[in-house]
Amino acid sequence: MRGRGLRQWDRVRARVRRAWRSTPREQQRTWQLVAVSAATGLVVAVGSVLVAGPWDGGQRTAERARAAEDGAPGGRHGGPERPAPSAAPVLAALGTRPAPRSPDSGDDAVPPPTGAGLADTLEPLLKDPALGDERSVAVMDVTSGQQVFGAKAGTAAVPASTIKLATGAAALSALGPDHRIRTSVVAGAGSHDIVLVGGGDPTLTARAVKGDDHPAALRQLADDTARALKKRGAGPYRLGYDTSLYSGPKLHTIGPNENLSPVVPLMADEGRTDDSDHGPAPRAEDPAADAAGAFAGMLRDRGVEVKGDPGAREAAKGARTVASVRSQPLSSLVERMLTTSDNDIAEALARQTALAAGEPASFEGGAKAVTQRLRKLELPLGGARIADGSGLDRADHVSAGLLAQVLVRAADHGHPELRSLLTGLPVAGFTGTLRTRYAQDGVGRGVVRAKTGTLTGVNSLAGSVVDADGRLLVFAYLTNGTTDATGAQRALDRMASALANCGCR
């Protein structure tokens, strides 16, 4: 399997190089994005991608049982491994189309689809009753930045987890893709007091890590803190923990829920009380206290005497830093958020956006800051209301036109800071929340990349696809009032696949 996969990969690379040499400069940006999708798909096919489960945001308790029945790989329920996906759709997207014409011809190298052609293709699919009674649809051509098909594209609807695209865009725009979130230990009021200060990193882990590119590790922070404290002299030390960075309610309006921890700036492994790293899971009631308790135990394991249990304590402004660790770059957090539909990261990024804007780091402050940042990006906000970062709140309302425009901005060479919104999208049939969707030989498999969204009665899909002529399109499909979640997902997948199979002129 490995040898065959590597030979496939060699053929793809050769085709990419030939396509690149024959592609005008103005189209190379599009081919770069296609190549990312293809590379991701084939790497998965040979077993070398990030294992991501089939979970989506929203309150979907029935998904666990369905995953067990399907034997979905990457889940926590086992089951038979699925056959390796075929590379044919990815190869088709890269190598079997005619090479774009020379720009000297005076015409577009790859012609865009027409509105009439897309209407002939999509309007019959939109009549599927599984899509509910409220729909907002937008399809845009990335090269021109123009909408080429719309059906109530400007009408706001409940987006569910597809709103994470807007959350990610706001955070990346406000902070930049290289921003890292710091977790620190600082000196306390007394000579033997230290305070663990939460900086809002939801990916901080208490588990063992390997390699250089890993989430910020509580164990590494304990190593560095122990070395620094031993230089200061014998203990015992008193450990406090500071969660003052955030304000407002800790619990989302959905209440205690397996889809989201209490939102606090200090947590380890998203407050999960099992060994999972994505999807629904039992959560700690007080993740900050649990993280501080774990940290105290790590210090003791390293020979530092810590007196009593850690207590909540606010660090003094300007307190001397004893040790600190930093998260992966914001671009990596956005990719993880989108691929696995991570609600904890989404709510953290909304608060980081609020802090950058000088707003309170709360649900309300995050929503206000995200909205302001989207307005600065000149995105269409008619009828929009953002209530949280994750899409779990049904008060969220955005249009398909807004989400499609977010994706167009992410592909724009003028906004390189937003690029991880595209690279983090799940690949149909291969990764994340789309891993178990799309048929083995489906035309959209490996070519469609999209963020999913699911709440009871709400199904959505927003992402990118290369059409039959090699044109890069972005789309957003929002449906409300659905009664058959599985049927709605299949209908949305058919609509995305139709774009991949369509020249539509």
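What counts, and at which threshold
- Residues numbered from 1 in each chain as written.
- Predicted model: local features only at pLDDT ≥ 70, side-chain atom pairs only at ≥ 80, totals over all residues.
- Heavy atoms only, no water.
- Helix = DSSP H or I, 4+ residues; strand = E, 2+ residues; numbered from the N terminus.
- Buried < 20%, exposed > 50% of the residue type's maximum accessible area, 1.4 Å probe, protein only.
- Polar contact = N/O pair within 3.5 Å; in protein donor to acceptor, adjacent residues only side chain to side chain.
- Disulfide = S-S within 2.5 Å.
- Pairing = 2+ DSSP bridges.
- Contact = heavy atoms within 4.5 Å.
- Axes fitted to C-alpha atoms, helices over the stretch in contact; angles between N-to-C directions.
- Core = buried A, V, L, I, M, F, W, Y, C linked by side-chain atoms within 4.5 Å.
- Parallel < 35°, antiparallel > 145°, perpendicular 65-115°, else oblique.
- Left-handed = near helix turned anticlockwise from the far one by under 90°.
- Nonpolar A, V, L, I, M, F, W, Y, C, P; charged D, E, K, R; others polar.
- Phe/Tyr/Trp six-rings, centres within 6.5 Å; stacked < 30°, edge-to-face > 60°.
- Lys NZ or Arg CZ within 6 Å of the ring centre and 35° of its normal.
- Salt bridge = Lys/Arg side-chain N within 4 Å of Asp/Glu carboxyl O.

By the naming in an unreviewed UniProt entry, the protein is D-alanyl-D-alanine carboxypeptidase/D-alanyl-D-alanine-endopeptidase, taken from Streptomyces antioxidans.

Draft legend 1. View of the side chain of Thr433. Here Thr433 shows up in the loop between α13 (420–423) and β10 (449–455). With a relative accessible area of 4%, Thr433 lands in the buried category. Within the structure, the side chain of Thr433 is placed 2.8 Å from the side chain of Thr452, a separation counted as a polar contact.

Draft legend 2. Spatial organisation of the state of the cysteines. A complete count under the given rule lists one disulfide for this structure. Between the sulfur atoms of Cys502 and its disulfide mate Cys504 the distance is 0.9 Å. A torsion of 125° about the S-S bond marks the disulfide between Cys502 and Cys504 as right-handed. With relative accessibility at 6%, the residue Cys502 sits in the buried group.

Draft legend 3. Region of the structure containing the sheet that holds strand β7 (residues 311–312). Taken in spatial order, the five strands make up an open sheet running β7-β6-β5-β4-β8, and their pairing is mixed. This sheet does not close on itself; its edge strands, each paired only once, are β7 and β8 (321–326). As judged from the four bridges shared by strand β4 (residues 182–187) and strand β5 (residues 193–197), these two strands associate in the antiparallel manner. Residue pairing in the sheet places Ser184 in a bridge with Val197 of β5. Together, β4, β5 and β8 form the strand contacts of helix α7 (residues 218–232), whose direction differs from that of β8 by roughly 165°. Where helix α8 (residues 287–301) meets the sheet, it contacts β4, β5 and β6 (238–242), and its direction lies at approximately 150° from that of β6.

Draft legend 4. Region of the structure containing the nonpolar core. Grouped together as the largest cluster of nonpolar side chains are 78 residues, with contacts concentrated most on Val139, Leu421, Phe475, Tyr477 and Leu499. Sort the elements by how many residues they give to this core and helix α12 (residues 400–411) lands first, with nine residues. With residues near it in sequence (within four places) discarded, Leu499 still touches Leu118, Leu122, Val139, Val465, Val466, Asp467, Ala468, Leu473, Phe475 and Tyr477. In terms of nonpolar packing, the next biggest core, distinct from the first, is built from 30 residues, Leu229, Leu239, Met267 and Ala291 among them.

Draft legend 5. Region of the structure containing the packing of α7 against α8. Interaxial distance between α7 and α8 falls to 9 Å at its minimum, and their mutual angle equals 50°. Of the possible angle classes, the one that applies to α7 and α8 is oblique. α8 is crossed by α7, and the crossing has right-handed handedness. Across the interface between the two elements, Leu218, Arg219, Leu221, Ala222, Thr225 and Ala226 of α7 pack against Ala291, Ala294, Phe295, Met298 and Leu299 of α8. Grouping the amino acids of the contact of α7 with α8 by side-chain chemistry returns nine nonpolar, one polar and one charged.

Draft legend 6. View of the sheet that holds β10. With antiparallel pairing, the five strands of this open sheet are ordered in space as β2-β1-β12-β11-β10. The strands lining the two open edges of the sheet, one partner per strand, are β2 (146–151) and β10. Going from strand to strand, the sheet's axes swing by 10° on average, the running direction of each strand aside.

Draft legend 7. Representation of the packing of aromatic side chains within the structure. Under the definition given, this model contains one aromatic pair. Positioned above the aromatic ring of Tyr246 is the side chain of Arg351, whose terminal nitrogen or guanidinium carbon lies 5.6 Å from the ring centre. Here Arg445 stacks its cationic end above the ring of Phe430, 5.5 Å away from the centre of that ring.

Draft legend 8. Representation of the pattern of salt bridges in the model. Following the criterion strictly, the structure yields 12 salt bridges and no others. Among the ionic pairs, Asp224 bridges to Arg227, the shortest N-O distance being 2.3 Å. Of this pair, Asp224 and Arg227 are both found in helix α7, three residues apart, which corresponds to roughly one turn of the helix. Take Asp224: its relative accessible area is 21%, and that puts it in the partly exposed class. The closest approach of N and O atoms between Arg505 and Asp469, which form a salt bridge, is 2.0 Å. You can see Arg505 sitting in the segment after α14 (485–500) and its partner Asp469 sitting in the loop between β11 (458–466) and β12 (472–480), a full 36 residues away along the chain. By relative accessible area, Asp469 is classed as partly exposed at 26%.

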